[in-house]
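Geometric and topological summary
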Amino acid sequence: MITGASSGIGRGIALEIAARGASLGLLARREELLQEIVNEAESLNVRAISASADVRDAKAVREAADRFRKELGPIDVLIANAGIGTADHAIKIQPQHAADVININVLGAVNSVAAVAAEMVERGQGRLVAISSLAAYRGLAKSAAYCASKAALSSYFESVRIDLRHTGVGVTIIHPGFIKTDLTAGREAKMPYLMELDYAVKKIVSAIEKEKKTYAFPWQLATIVRATMLMPPAMYDWIAERNSFRE
Ligand SMILES: NC(=O)c1ccc[n+]([C@@H]2O[C@H](COP(=O)([O-])OP(=O)(O)OC[C@H]3O[C@@H](n4cnc5c(N)ncnc54)[C@H](OP(=O)(O)O)[C@@H]3O)[C@@H](O)[C@H]2O)c1
């Protein structure tokens, strides 16, 4: 089950997994884009079902998961990928937009976990995957709501991982750097170590297959981000102000 499967990383993961022969339950709002992936999967003799739903709607997410289970069998892996970005300076943040970011990026993933976790635990197997971001580690310029949402998402899944120890259900938290998708398209600010989508998708799927607890990449940017976590606030602010990834 993949949320946010209609474009970008979610679509890429869906096609990569289809090429490996696994059935797909695809969730997003844009039904026609999901249908294209269903058609591609079927051309590979892979079963795929699309469900047009908004991850903010807990009932709709549960109904989609129920349909996937009924028509395809138990859900082995949830990839909670649906997400949106922001690009607002602190004084321009619109509370409603910030609420959307938190509701989609965080509560959307909470709804997705809620729709599959109990059944996974009952079966004694399964994997919950969060597509978080390197932006989860520290606040970045003009990204307050986005950074807050990804920090919350990573912490949420880390707590879930602890709760589910010894149940047979694992948790993988992915922290990607910049990837070429609609989310980053059109940005003029420099995005260091910007990755091609195919490359990033292969890295993500490989980390899931290896059942990693967490995976941050590309390693160069992940190393820099981890190093900033050791910096005192004044030093970090000085560096972060000079390295804005937003116009
Ligand atoms: N690209 C990057 O550099 C990058 C880096 C780190 C992390 N990420 C994360 O990767 C994830 C995917 O982003 P992307 O780069 O692939 O962007 P994208 O191409 O814009 O894809 C976003 C996906 O999320 C879905 N989505 C958005 N709001 C939704 C909602 N309310 N309900 C259901 N689905 C919703 C969209 O589908 P519909 O519009 O059809 O609903 C779309 O399939 C996000 O969580 C993002 O934060 C991206």
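It should be noted that the structure appears before, not after, this text.
The structure presented is a predicted model; accordingly, all values stated were derived computationally and were not measured.

Quick look at helix H7 (residues 219-228) now. For the α-helix, the turn length of 3.6 residues means that residues three or four positions removed from each other point alike. Along H7, the positions that sit buried rather than exposed are Leu-221, Ala-222, Val-225 and Thr-228. Axial view of H7: buried residues confined to an arc of 120 degrees, hence all on one face. Where H7 is buried, its residues contact strand E7 (214-217) and helix H8 (233-242).

As a further point, take the site of the ligand. Around the ligand sit 31 residues, and of these Ile-9, Arg-29, Tyr-146, Ile-179 and Thr-181 come closest. With respect to the ligand, the side chain of Tyr-146 contributes an N or O atom lying 2.6 Å from an oxygen atom. When residues of the shell around the ligand are traced back to their parent elements, those giving at least two are helix H1 (8-19) and helix H5 (144-163). Of the residues that constitute the shell around the ligand, the class distribution is 14 nonpolar, eleven polar and six charged.

For helix H3 (residues 58-72), with 15 residues, the first-to-last C-alpha span of 21 Å sits near the 21 Å given by 1.5 Å per residue. Within H3, burial applies to Ala-60, Val-61, Ala-64, Ala-65, Phe-68 and Arg-69. Packed against the buried residues of H3 are strand E2 (24-28), strand E3 (48-52) and helix H4 (95-123). The positive-phi residue at the C-terminal boundary of H3 is Gly-73, with phi of around 105 degrees.

Pairing of strand E6 (residues 169-176) with E7, which is carried by four bridges, proceeds in the parallel orientation. The residue of E7 that forms the bridge with Pro-176 is Phe-217. In this fold, E6 hands off to helix H6 (residues 197-209), which returns the chain to E7; that crossover is left-handed.

Scoring rules and cut-offs
Each chain carries its own residue numbering, running from 1 in the written order of its sequence. Since the coordinates come from a predicted model, pLDDT governs what is reported: local features require at least 70, and pairs of side-chain atoms require 80 or more to be given and counted, while whole-chain, interface and lining totals use all residues. Here the side-chain values reflect all heavy atoms present in the structure, with hydrogen atoms and water set aside. Each residue is placed in one exposure class: buried if its accessible area under a 1.4 Å probe, protein chains only, is under 20% of its type's maximum, exposed if it is over 50%, and partly exposed if it falls in between. Working definition: helices are DSSP H or I runs of at least four residues, strands are E runs of at least two. Numbering for both runs from the N terminus. Directions drawn from the helix axis to the C-beta atoms are what define this arc. Contact definition: two residues touch when any of their heavy atoms are within 4.5 Å. Here, proximity means that at least one heavy atom of the residue falls within 4 Å of the molecule or strand. Polar contact criterion, stated in full: a pair of N or O atoms within 3.5 Å, where within protein one must be able to donate a hydrogen and the other to accept it, and residues adjacent in sequence count only if both atoms are side-chain atoms. Just so you know the grouping, Ala, Val, Leu, Ile, Met, Phe, Trp, Tyr, Cys and Pro go in nonpolar, Asp, Glu, Lys and Arg go in charged, and all remaining residues, Gly too, go in polar. Take the residue count of a helix, subtract one, and multiply by 1.5 Å to get its expected span. Note on pairing: DSSP must find at least two bridges between two strands before they are called paired. Look down the strands so they point away from you; if going from the first strand over the helix to the second traces a clockwise path, that crossover is right-handed.

All quantities given are derived from atomic positions and should not be read as evidence of function.
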